[in-house]
Amino acid sequence: MSRIHVIEPGAFTTVQDLGRPGWQRHGVTPGGALDARALRLANLLVGNAEGAAALEITLTGPTLRFDAEALVALTGAGFEAAVNGVAMPAWRPVRLAAGAVLACGAARSGCRNRCSSAPGSLNRVTPLAPERAVACGRHPATTETRWRPLAKPGCPSALSRR
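Residues numbered from 1 in each chain as written. Predicted model: local features only at pLDDT ≥ 70, side-chain atom pairs only at ≥ 80, totals over all residues. Heavy atoms only, no water.

A. Structural context of the nonpolar core. Membership of the largest hydrophobic core comes to 20 residues, with the highest contact counts inside it found for L64, F66, V72, M88, L96, L102 and C115. Elements with a contribution of two residues or more to this core: β1 (4–8), β3 (54–58), β4 (63–66), β5 (70–83), β7 (94–96) and β8 (101–118). Considering each element in turn, this core owes the most residues, seven residues, to β5. (Core = buried A, V, L, I, M, F, W, Y, C linked by side-chain atoms within 4.5 Å. Buried < 20%, exposed > 50% of the residue type's maximum accessible area, 1.4 Å probe, protein only. Helix = DSSP H or I, 4+ residues; strand = E, 2+ residues; numbered from the N terminus.)

Pasting the structure below:
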């Protein structure tokens, strides 16, 4: 399985899809991306399903390293972004080589951006399916952060930062 390593998380980066409309009667808020149109477009640009999960980036973006080749698109607010130090255009798909580092800087206009990738590493995240929950934690020997599956969401050890 290809992985996306979170080197720097940014101000507030979350994994969002189109939400859960129709679940309110069970106490689940609809949630989802704040800009559904930008999420749909980011996913379509890389060949994912419209509602697939993507990163929603707020104010300042993360720095991400991709283990495998990936097709990535940034949509939404105007953000500074670079791949291995070279400016990356928004609103179009960009192919990244294995080991590439995507650095999303500060917002130039607006507040939120979407980052979608294919093959869809984020598409394996299934909200409301506890066995597939993910968390962001630091590894003790490094400042690097990685997204990884949790064995037992809800238990204190699963939620602690490592």
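B. Region of interest: helix α1 (residues 36–46). Buried residues of α1: A38, L39, A42, N43 and V46, and no others. Down the axis, α1 shows its buried residues gathered within 130 degrees of arc, on one side only. Among the structural elements, β2 (12–16), β3, β5 and β8 are those in contact with the buried residues of α1. Taken from the residues just after α1, G47 is the one with a positive phi, measuring 90 degrees. (Arc of directions from axis to C-beta. Contact = heavy atoms within 4.5 Å.)

C. Expanded view of the pattern of salt bridges. Across all of its chains, the model carries four salt bridges by this definition. In this structure, E50 engages R40 in a salt bridge whose closest nitrogen and oxygen atoms are separated by 3.0 Å. Taken as a pair, E50 in the loop between α1 and β3 and R40 in helix α1 lie far apart in primary sequence, 10 residues in all. Notably, a salt bridge pairs R114 with E56, separated by 3.1 Å at the nearest N-O pair. (Salt bridge = Lys/Arg side-chain N within 4 Å of Asp/Glu carboxyl O.)

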